[in-house]
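Reading the structure
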Amino acid sequence: MPEKTVFLCAICNVSSGSCSEDCSFCTQSVKYSADIKRYRYKSIDEIVNEALNARKNRAVGFCLVTSGKGMSDSKLEFICEAASAVKKRVSDLNIIACNGTATVEQMKELKKNGVSSYNHNLESSKEYYEKICTTHDWQERYQTCLNVKEAGLDLCSGGIFGMGEDEADRVSMVKSLKELSPVSIAINFFHPNPALPLEAKRLDIDEALKIISYVKSQLSNSMIMIAGGREYTFKDRQYEIFAAGANSIVIGNYLTTKGDKPDKDILMIKSLGLDIAGSCHG
Ligand code: SF4
């Protein structure tokens with residue numbers, strides 16, 4: 001019998017690019033002219049179709065992501081409309097919103113419209129953040145995570161590894177995550193792009209696996225989700241992430257980079273004798 005269950009989550013990049021912030025790891029910043037698709041909002045039909053497809057590919061989580069630093073009234077209205085439409089058609093998908101800094105009231109509104117979780121990453125340690133972003137501060141990110149909990153949504157938070165941070169930064173970020181105790185931790189690995197000012201070498205696979213194990217050891221009650229940079233970092237050793245402590249992955253494409261085909265991931269998981277979760281709660 002498989003001893004472990006893997007949760008699959010899919011991402012929908014509802015709006016893309018044109019963000020005025022300067023996060024040096026992000027191709028959606030208007031400052032760096034990266035070669036990505038830019039659009040304001042996908043249509044509700046397109047979003048619902050992506051949700052149906054995600055469920056077909058056995059995803060139990062579906063994340064509605066928007067570019068930009070935070071939530072505006074119009075963005076809130078659109079995400080609420082999208083969440084309700086998805087929930088109506090695919091009722092067994094856990095809907096996660098990821099729309100930047102947001103107030104408790106805005107999050108409560110999302111909840112009323114079918115959103116169960118909110119993703120907001122710390123991205124790095126408090127100490128390292130000023131090296132990767134100068135247009136807003138880390139504390140705002142932390143506060144948004146607190147707001148998620150106050151609004152009664154499940155918190156999904158994490159960060160990006162491989163941005164040139166040192167061991168102390170990693171320990172510090174994980175300590176902050178521990179304080180927040182998210183339901184799910186998103187572990188991303190930096191994926192370079194020639195347009196970005198941040199230049200960092202790909203992490204060694206053993207080092208990246210060690211990071212997963214460390215996060216798991218510190219946050220044993222949280223789900224450990226490997227998100228962006230999985231294929232880029234682990235290449236043909238992706239299967240090792242589960243033994244290291246991961247029990248969730250993002251399937252399909254990421255925000256601005258391509259992921260492996262979901263069929264390939266499902267095959268990998270099955271070949272390891274692992275189960276794929278039928279719902280977000282197991
Ligand atoms: S605020 Fe978000 S979308 Fe904007 S540059 Fe930073 S990470 Fe990218």
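Residues numbered from 1 in each chain as written. Predicted model: local features only at pLDDT ≥ 70, side-chain atom pairs only at ≥ 80, totals over all residues. Heavy atoms only, no water.

**Focus on empty space enclosed by the protein**
The tally for this structure, following the rule as stated, stands at two cavities of 30 Å³ or more. As a volume, the largest cavity reaches approximately 50 Å³. Residue lining of the largest cavity: E123, S124, S125, Y128, I160, F161, M163, E165, D169, R170 and M173, and that is the complete set. Going through the elements one at a time, β5 (154-161) and α6 (167-180) are the ones with two or more residues in the lining of the largest cavity. (1 Å grid on protein atoms, 1.4 Å probe; cavity = no way out; pocket = protein on both sides within 12 Å on 5 of 7 lines; lining within 4 Å. Points joined across faces, edges and corners; volume = space filled by probe spheres on them. Helix = DSSP H or I, 4+ residues; strand = E, 2+ residues; numbered from the N terminus.)

**Overview of the pattern of salt bridges**
For the structure shown, the criterion picks out 12 salt bridges. Between K112 and E109 there is a salt bridge; the shortest N-O distance is 3.2 Å. You can see K112 and its partner E109 sitting in helix α3 (residues 104-112), three residues apart, about one turn around the helix. Accessibility expressed as a relative area gives 66% for K112, which makes it exposed. The closest approach of N and O atoms between R237 and D206, which form a salt bridge, is 2.8 Å. With R237 in the loop between α8 (230-234) and α9 (240-244) and D206 in helix α7 (residues 205-218), the pair connects residues that are 31 residues apart, well separated along the chain. By relative accessible area, D206 is classed as partly exposed at 43%. (Salt bridge = Lys/Arg side-chain N within 4 Å of Asp/Glu carboxyl O. Buried < 20%, exposed > 50% of the residue type's maximum accessible area, 1.4 Å probe, protein only.)

**Focus: the packing of helix α1 (residues 44-56) against helix α2 (residues 73-89)**
Two elements in contact, α1 and α2, have axes whose closest approach is 9 Å; the angle formed by their N-to-C orientations is 45 degrees. Looking at the two axes, α1 sits oblique to α2. Considering only the axes of α1 and α2, their crossing is right-handed. Only F78, E81, A82, A85, V86 and R89 of α2 make contact with α1, whose side of the interface consists of I44, I47, V48, A51 and L52. (Axes fitted to C-alpha atoms, helices over the stretch in contact; angles between N-to-C directions. Parallel < 35°, antiparallel > 145°, perpendicular 65-115°, else oblique. Left-handed = near helix turned anticlockwise from the far one by under 90°. Contact = heavy atoms within 4.5 Å.)

**Looking at the pairing of strand β2 (residues 61-65)**
Of all five residues in β2, five are buried, a share of seventy percent or more. Here β2 shows a buried face lined by G61, C63 and V65 and a second buried face lined by F62 and L64. One ladder, built from five bridges, connects strand β1 (residues 5-13) with β2; its direction is parallel. The residue bridging C12 from the neighbouring strand is L64, located in β2. A crossover connection joins β1 to the parallel β2 through α1; in handedness this β-α-β unit is right-handed. Summarising the sheet, β2 and strand β3 (residues 94-98) pair through five bridges and their orientation is parallel. Note on β3: the bridge partner recorded for L64 is A97. In this fold, the crossover linking β2 to β3 by way of α2 has right-handed handedness. (Pairing = 2+ DSSP bridges. Right-handed = clockwise from strand over helix to strand, strands pointing away.)

**Overview of the packing of aromatic side chains**
For any pair of aromatic rings, the description rests on two quantities: the centre-to-centre distance and the angle between the ring planes. For the structure shown, the criterion picks out four aromatic pairs. With a centroid separation of 5.3 Å and an interplanar angle of 25 degrees, the aromatic rings of W138 and Y142 are classed as stacked. Of this pair, W138 and Y142 both sit in helix α5 (residues 138-150), four residues apart, which is roughly one turn of the helix. Taking the relative accessible area as the measure of exposure, W138 reaches 5% and is therefore buried. Centre to centre, the rings of F189 and F234 are 5.3 Å apart; their planes meet at 85 degrees, and the pair counts as edge-to-face. (Phe/Tyr/Trp six-rings, centres within 6.5 Å; stacked < 30°, edge-to-face > 60°.)

Treat this as a map of the structure, not an account of what it does.
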